[in-house]
Amino acid sequence: MPQWGMVIDLDRCTGCNACVAACHAENNLPIAGEEEAAKGRSFHWIRIERYIEGEYPNLKTRFIPVLCQHCDEAPCEPVCPVFATYHSPQGLNVQVYNRCIGTRFCANACPYTVRHFNWFDPRWPEPLERQLNPEVSVRTKGMIEKCTFCIQRIRKAADLAKDEERPVGDGEVQPACAQSCPTDAIVFGDLSDPGSRVSKLASQRRAFRLQEDLGTQPRVIYLKEGSE
Amino acid sequence: MDQAAAVAIHRDLTRPVLETGRGFYMTLAALGTVMAWALFCWGYQVYHGLGVTGFNRPVFWGVYIANFIFWIGISHAGTLISAILRVTQAGWRRPITRCAEAITVLALMIGPMFILIDLGRSWLFYWVLPYPSERGLWPNFRSPLLWDVSCITTYLIGSLTYLYLPMIPDLALLRDSTPCRRWLYRTLALGWKGTPRQWHRLETAISVMAVLIIPIAVSVHTVVSWIFAMTLNPMWHSTIFAPYFVVGAIFSGIAILLLAMSILRKSARLEMYLRPVHFNNVGLLLLALSLIWLYFTIAEYVTTWYGDLPEEMAVFRYKLAGPLAPYFWGMVACCFLIPAPVLAFKKTRTIAGTTAAAALVVVGMWLERYVIVVGTLTHPRLAFNWRDYAPTWVELSIMAGAFAYFAFLYVLFTKLFPIISVWEWKAGLPSASPPRPSPGATLSHEPLPR
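Residues numbered from 1 in each chain as written. Chains lettered and ligands numbered in written order. Predicted model: local features only at pLDDT ≥ 70, side-chain atom pairs only at ≥ 80, totals over all residues. Heavy atoms only, no water.

Whenever I open this one, the overall build of chain B confuses me. Can you help?
Secondary structure assignment for chain B yields 16 helices and zero strands. For 450 residues, the compact-globule estimate of 2.2 N^0.38 gives 22 Å, and the C-alpha radius of gyration of chain B, at 23 Å, lies within 12% of that figure. On the principal axes, the C-alpha backbone points of chain B span a range of 80 × 60 × 40 Å. Buried residues in chain B amount to 58% of all 450 residues. Look at the contacts in chain B between residues 6 or more apart in sequence, and 79% of them connect residues 24 or more apart. In the structure as shown, chain B presents an accessible area of about 18,200 Å², 71% of it carried by carbon and sulfur atoms. Distance between charge centroids for chain B: 8 Å, based on 34 positive and 20 negative side chains. (Helix = DSSP H or I, 4+ residues; strand = E, 2+ residues; numbered from the N terminus. Rg over C-alpha atoms; globule rule 2.2 N^0.38 Å. Buried < 20%, exposed > 50% of the residue type's maximum accessible area, 1.4 Å probe, protein only. Contact = heavy atoms within 4.5 Å. Areas by Shrake-Rupley, 256 points an atom, 1.4 Å probe, with all protein chains shown as cover. Lys, Arg positive; Asp, Glu negative; His and termini not counted. Charge placed at Lys NZ, Arg CZ, Asp CG, Glu CD.)

Looking at this model, I keep getting lost on the packing of helix α11 (residues 310-320) of chain B against helix α14 (residues 351-378) of chain B. Mind explaining?
What describes two packed helices is the angle between their axes and the distance between those same axes. Residues and elements named next belong to chain B. α14 packs onto α11 with a crossing angle of 130 degrees between their chain directions and a minimal axis gap of 8 Å. Considered as vectors, α11 and α14 are oriented oblique to each other. As for the relative orientation of α11 and α14, their crossing is right-handed in sense. Judged by residue contacts, Val315, Tyr318 and Lys319 of α11 engage Val371, Ile372, Gly375, Thr376 and Thr378 from α14. When grouped by side-chain class, the residues that make up the contact of α11 with α14 number four nonpolar, three polar and one charged. (Axes fitted to C-alpha atoms, helices over the stretch in contact; angles between N-to-C directions. Parallel < 35°, antiparallel > 145°, perpendicular 65-115°, else oblique. Left-handed = near helix turned anticlockwise from the far one by under 90°. Nonpolar A, V, L, I, M, F, W, Y, C, P; charged D, E, K, R; others polar.)

Before we go on, may I ask you to explain the side chain of Arg41 of chain A in this structure?
Position of Arg41 of chain A among the secondary structure elements: in the loop between α2 (34-38) and β2 (46-53). Classification of Arg41 of chain A by relative accessible area gives buried; the value is 3%. A distance of 2.9 Å separates the side chain of Arg41 of chain A from the side chain of Glu36 of chain A, its partner in a polar contact. A distance of 2.8 Å separates a polar side-chain atom of Arg41 of chain A from the backbone oxygen of Phe55 of chain B. Apart from the residues within four sequence positions on either side, Arg41 of chain A is in contact with Ala32, Glu36, Trp119 and Phe120 of chain A together with Leu50, Gly51, Thr53, Gly54, Phe55 and Asn56 of chain B. (Polar contact = N/O pair within 3.5 Å; in protein donor to acceptor, adjacent residues only side chain to side chain.)

Just to check I follow, could you spell out the interface of chain B and chain A for this structure?
Quoted interface sizes are often the accessible area lost when the parts come together. The interface is formed by 45 residues belonging to chain B together with 47 residues belonging to chain A. Between chain B and chain A, a total of about 3,900 Å² is buried, with carbon and sulfur atoms accounting for 60% of that surface. Of all residues in chain B, Arg57, Phe60 and Phe384 of chain B bury the most surface against chain A, accounting for 20% of the area lost on that side. Linking chain B with chain A are one salt bridge, by the criterion used here. The residue Asp118 of chain B makes a salt bridge to Arg104 of chain A at a minimum N-O spacing of 2.8 Å. At the boundary of chain B and chain A, one finds 28 residue pairs in polar contact (both at pLDDT 80 or more). (Buried area = accessible area lost by both parts, 1.4 Å probe. Salt bridge = Lys/Arg side-chain N within 4 Å of Asp/Glu carboxyl O.)

Right, here's the structure in full:
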């Protein structure tokens, strides 16, 4: 069984936000709008965090795309009273929308703040409501949602591979963010296959995980050269 | 016992039940108006979604959860204090036990309501209950929220029983002596006749419940604190939280008890029963809890400050020197700086003094809950996501409605039942005599002497 994981090369990331836009389109993310976004209610399953170092004019801006880390020891999972979030055998941290009653305990327990709550029923300004992805369910008010590693694409690839009686090939599954990254900074694949591209990248000396010291064992591995 | 004294006691203590003035209806109407507005606000929130609140990412919880902890804390007034006083056989407990036990039961009806209000999909709240369903799922007992559901349910049932048992002789008394609501008292009195056998059983049951209710009450606020302490969040993930919350709960519970005593004394004309000595004694308890609270607060904040971890300090500074500073220092002033001196000196430990101190403590403990919930949530570990929070009119209206609802239920309770235990008061009189051979139902309220 594949163990899905992701590598994000921060030395390649330009902070262009293409992954954010692609994720929005692929996963039917609601458009919060200017007013709601100002209140801190924007929906971005993946976001580019910007940290600015130094004093003007000697500034250095650093980018880090942050999405659900699909932790093996996820703090969000045990706290859900209704099993709306759980760990799949393939290592995905899965959110079952229909089970969610909206306690938001998971969102508070997540050290990466990557869980999003539907404050209202979803809205799309014209004509965006006509481009909804039919393979992704639309969420309603009162439930939590977050990055799924584009589980619909994983399913599709797995189904196809099953029909053709072969394992899923390396690079066959591409989440929207990885597919749209112009600098190829995001790589997705099977971490249990030592030959996969993601495994090779993850074993590099540059590899680290976000807030590794918390013991959450994230499935997202970042690559970064030491400070230059 | 002096028959005249018994008659006077009976008259005084059942007067609030029997006589209804205009004030009663006006109070209920005023409280009812606030409740109706809050109900509308909740409907508005359910219809539109939780976006009508001030919540955002990362502050997913706010006033509602602060109120949840606050009200569950208030519920420790009662049962725990009255149980401790009963177990230690403190004679001065007699006029305040029922008053305290009623606070417990009613506060336990308000607190969990806030979880319901806070849910994104309130209409599915019953999914946290373990019952065989088409989903084929039990609730997740690894979640601290399920521990809360279990402990609070147990506590509600326990404290209802504990409120009800010592009320049986008084219910029989009302059944036999009042013209109104006979059916209610007859049903609830369970055929109480006041035979020695019944007395013996009742006193055994009360003693057992008094001991049982203490660990249950402690467990309740322990698991409430674990909602926070079991996460990895800065200034939530703390081993001190369970005892800190339990102490805070008892502290606020005693304060609300003093307030209730003070209001009842005037409104139900119970000056002869709720005397300065009672305010003095409960005031001393409040002082002791204030000092213990201060000790826990210092222990919690000094270790955080000395440890100086960046994530913890972000929250620490936000609370002590940032936007939450008025709330934090208001809490310190209301929980210790002002009430402690007032309660410490005999000269100011009067009825007015203890009441004022208690009012401050209630405010201070609410602020503590707010500071704990909001302080941590505004500063998650990844600094890019820091954000402030301010409640909206919807949240504040619903909160006001909860306070009104509590007062409404309490007023109703004092109307239906004697708020001071008639038989316990009589049993406490120095001249309490051994029971005479029961000549009939009129003596059904005479207890066995100890």
